[in-house]
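Residues per chain are reported as follows:
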Amino acid sequence: MHSVPVILTLTVLTVLLTSPAQVIGYRPYPPKTNGSDQIFASSKKFEGSSNLVRLRYHMGPVLTNNITVHPIWYGTWQKSQKKIIREFINSISAVGSKHPSVSGWWKTVQLYTDQTGSNITGTVRLGEEKNDRFYSHGKSLTRLSIQSVIKSAVGSRSRPLPVNPKSGLYLLLTADDVYVQDFCGQVCGFHYFTFPSIVGYTLPYAWVGNSAKFCPGVCAYPFAVPEYIPGLKPVKSPNGDVGVDGMISVIAHEIAELATNPLVNAWYAGADPVAPVEIADLCEGIYGTGGGGSYTGQMLNDHSGATYNVNGIRRRYLIQWLWSHVVSYCIGPNKLD
């Protein structure tokens, strides 16, 4: 008697889990091409305006309320690694950081509005955190089990994460010995939203992995370089941890896209909502002026020779630029800071 609804539910869930939206992700370095880039690739590989990009608003919600980021530390993490990431998140809304700053970079995100004209918030806070140091779902995660990890975090009997669908972002961070489906080959991180059928709520979330052991040349670029580019030398990471410094740019990428497209129906380019090209995708591989192709653009170096492009509260970081729909090109932190 109840078999039809169950079958329909399973069918919808299968379609969602296998849809292209579930493989949208980010790699810090532009992928290899065969000389004929895909439709948006030309606009993603240089700093400058492009009439080819049609980034449009599709009437979905954006995060205009103050954002609270809830990290979920999956696996074994060192205190120093957590500190680097926490301080980056806290730097997004920090006042008084030296220019160019992380908060200046976020001002591009704030340019985006919802259908009422309300801008995305300028306040991003670090919220309550959850440790999953015993690998509750194993050391090999699928996209489905990622949502199960989040379910465990918000449904835990001991100190569950608060459920906040309107302004909470749930950031699943996997340690360097955890493999996630499509990691390295297709993605270094991705964002989506949880299914009520699994988690009980619709919550915007992102996953980012530490690539130090699996594929630093893919996901921690330019602190490590891909094997397919002979002669290219890596730059020195600003915080002395290649895997975590590489994660910072991916975290920045995903948080920016979660704010502007949390339910994959707000700001994106392209005709297909299940394969959106978002504000950070359009600037993939661009970290400074002149960036594009295999060139990151002009970056900064500190007294020790470490490379960065933004200042945080107490640290420096390297993060990619973001697309501005106002001027139709990639903007760095120095543009609005």
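In the annotation of an unreviewed UniProt entry, the protein chain is listed under the name Phosphate-induced protein 1 and assigned to Capsella rubella. According to its UniProt record, the protein chain has this under Sequence similarities (unreviewed entry): "Belongs to the EXORDIUM family."

A disulfide bridge is the covalent bond that connects two cysteines by way of their sulfur atoms. For the coordinates displayed, the defined rule picks out three disulfides. Cys 184 shares a disulfide with Cys 215; S-S distance 2.0 Å. Judged by the torsion about the S-S bond (-75°), the Cys 184/Cys 215 disulfide is left-handed. With Cys 184 in the loop between strand 7 (179–180) and strand 8 (189–193) and Cys 215 in the loop between strand 9 (204–209) and helix 6 (216–219), this residue pair connects regions lying 31 residues apart in the sequence. Judged by its relative accessible area of 14%, Cys 184 is buried. The partner cysteine of Cys 188 in its disulfide is Cys 219, sulfur to sulfur 2.0 Å. Because the sign of the S-S torsion sets the handedness, a value of about -85° for the bond joining Cys 188 and Cys 219 places this disulfide among the left-handed ones. On the criterion of sequence distance, the pair formed by Cys 188 in the loop between strand 7 and strand 8 and Cys 219 in helix 6 is long-range, its members being 31 residues apart. Looking at the protein chain, its bonded cysteines, counted consecutively from the start of the sequence, adopt the pairing 1-3, 2-4, 5-6.

Next up on the list: the pattern of salt bridges. Summed over all chains, the structure comprises seven salt bridges. With its nearest N and O atoms 2.9 Å apart, the salt bridge here joins Arg 143 to Asp 182. Taken together, the residues span a long stretch of sequence, with Arg 143 in helix 5 (residues 143–154) and Asp 182 in the loop between strand 7 and strand 8 at a distance of 39 residues. A residue is classified by how much of its surface remains accessible, and Arg 143, at 3% relative accessible area, is buried. Through salt bridges with shared partners, a single ionic network connects Glu 87, Arg 314 and Arg 315.

Turning next to the packing of helix 4 (residues 102–110) against helix 7 (residues 242–260). Two elements in contact, helix 4 and helix 7, have axes separated by 10 Å at closest approach and are oriented at 30°. By the angle between their axes, helix 4 is roughly parallel relative to helix 7. For the element pair helix 4 and helix 7, the recorded crossing hand is right-handed. Across the interface between the two elements, Trp 105, Trp 106 and Val 109 of helix 4 pack against Ala 252, Ile 255, Ala 256, Ala 259 and Thr 260 of helix 7. Across the contact of helix 4 with helix 7, the residue classes break down as seven nonpolar, one polar and no charged.

What counts and what doesn't
- Residues numbered from 1 in each chain as written.
- Predicted model: local features only at pLDDT ≥ 70, side-chain atom pairs only at ≥ 80, totals over all residues.
- Heavy atoms only, no water.
- UniProt positions renumbered as here; feature names shortened; annotations may be inferred.
- Disulfide = S-S within 2.5 Å.
- Helix = DSSP H or I, 4+ residues; strand = E, 2+ residues; numbered from the N terminus.
- Buried < 20%, exposed > 50% of the residue type's maximum accessible area, 1.4 Å probe, protein only.
- Salt bridge = Lys/Arg side-chain N within 4 Å of Asp/Glu carboxyl O.
- Axes fitted to C-alpha atoms, helices over the stretch in contact; angles between N-to-C directions.
- Parallel < 35°, antiparallel > 145°, perpendicular 65-115°, else oblique.
- Left-handed = near helix turned anticlockwise from the far one by under 90°.
- Contact = heavy atoms within 4.5 Å.
- Nonpolar A, V, L, I, M, F, W, Y, C, P; charged D, E, K, R; others polar.

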